[in-house]
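# Observations on the model geometry
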Amino acid sequence: RELDGTTRDLTGGEKSKAAFEDWSGDHAAFFVSTNERDPKAFDLYPYATKDYQRSLVFKNEQALRLAVRDVDVVVHLAALTHARTEREYHAVNVEGTDRLLRVVLEAVPRPRRFVYLSSLAAAGPAIDGRGVRTDDTPRPLTAYGRSKLAGESVCLRPRDEIEMVILRAPAVYG
């Protein structure tokens, strides 16, 4: 309920379900679980009380476990390319990658390869007019680039457990 007495529907649509779960400790946000992403799985979102902006903090991974069952290669293409805050980029491009990779590593049988689509934004600009080299220290200029570089770091941690491929694509439109 708004201060003027009106109400605002925050559910994802007519066919989805949502439930209030709790308040944050500082009451700056409240938590809602909803199945709007997948009718079979409830995810958790905090909503900011000042503007109702939200971000995914828990994604029900059972659907992910089923998706990686009996596959040889997982190709991770999902990414947030436009966001209002660096935190939103991090939640999707770093934490989301980490969640997916953990599910892949726990899979039985485990896929043999994980392919992560990163971005040239993770490398940053060329130095002194020459092309960026693989041994250059990355210097991302944007929150998006920093989040993709952090996603690469997540992928490199288990490289002794699974074959890892990281591709840095240029800007993709469409």
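Above this note sits the structure.
Now for a description of the structure that goes with this document. Bear in mind that the values here come from a model prediction, so they are computed numbers and not experimental data.

## Observations concerning the overall build of the chain
When you go through the chain residue by residue, the secondary structure sums to 3 helices and 6 strands. The secondary structure elements of the chain, listed N-terminal to C-terminal, are β-β-β-α-β-α-β-α-β. Seen along its three principal axes, the alpha-carbon backbone of the chain occupies a region of about 60 × 45 × 35 Å. Counting only residues that meet the buried cut, the chain has 33% of its 174 residues in that class. Considering only contacts in the chain between residues 6 or more positions apart, those separated by 24 or more positions represent 49%. Per element, the accessible surface of the chain, about 11200 Å² overall, is 53% carbon and sulfur.

## Considering unusual backbone geometry
Proline 109 follows valine 108 through a cis peptide bond whose omega is -5°. If you trace the backbone, proline 109 turns up in the loop between helix H2 (86-106) and strand E5 (113-119). With a phi angle near 65°, tyrosine 52 is a residue other than glycine that sits in the positive phi range. On the basis of relative accessible area, tyrosine 52 is assigned to the buried category, the value being 17%. Within the chain, aspartate 70 stands out as a residue other than glycine whose phi angle is a positive 60°. Considering the arrangement of structural elements, one finds aspartate 70 in the loop between helix H1 (62-67) and strand E4 (73-76). By relative accessible area, aspartate 70 is classed as exposed at 59%.

## Topic: the sheet that holds strand E3 (residues 41-48)
Taken together, the 3 strands give an open sheet; going across it, the order is E1-E2-E3, and neighbouring strands pair in antiparallel fashion. Sheet topology places strand E1 (18-23) and E3 at the edges, where each strand pairs with a single neighbour. Averaged over all adjacent pairs, the angle separating strand axes in this sheet is 30°, with direction ignored. Pairing of strand E2 (residues 29-38) with E3, which is carried by 7 bridges, proceeds in the antiparallel orientation. Bridge assignment links alanine 29 to a residue of E3, and that residue is alanine 48.

## Digging into the side chain of serine 147
Note on placement: serine 147 falls in helix H3 (residues 143-156). For serine 147, a relative accessible area of 4% translates into the label buried. Each residue touching serine 147, except ones within four places of it in the same chain, is listed here: Tyr89, His90, Asn93, Val94 and Tyr116.

## Here we look at H2
Its 21 residues place the ends of H2 29 Å apart at the C-alpha level, agreeing with the 30 Å of an ideal helix rising 1.5 Å per residue. Of all the bends in H2, the greatest, near 30°, is centred on glutamate 95.

Here is what the cut-offs are and how they apply
Residues numbered from 1 in each chain as written. Predicted model: local features only at pLDDT ≥ 70, side-chain atom pairs only at ≥ 80, totals over all residues. Heavy atoms only, no water. Helix = DSSP H or I, 4+ residues; strand = E, 2+ residues; numbered from the N terminus. Buried < 20%, exposed > 50% of the residue type's maximum accessible area, 1.4 Å probe, protein only. Contact = heavy atoms within 4.5 Å. Areas by Shrake-Rupley, 256 points an atom, 1.4 Å probe, with all protein chains shown as cover. Pairing = 2+ DSSP bridges. Axes fitted to C-alpha atoms, helices over the stretch in contact; angles between N-to-C directions. Expected span 1.5 Å × (residues − 1). Bend = angle between axes of the 7 residues up to and from the residue.

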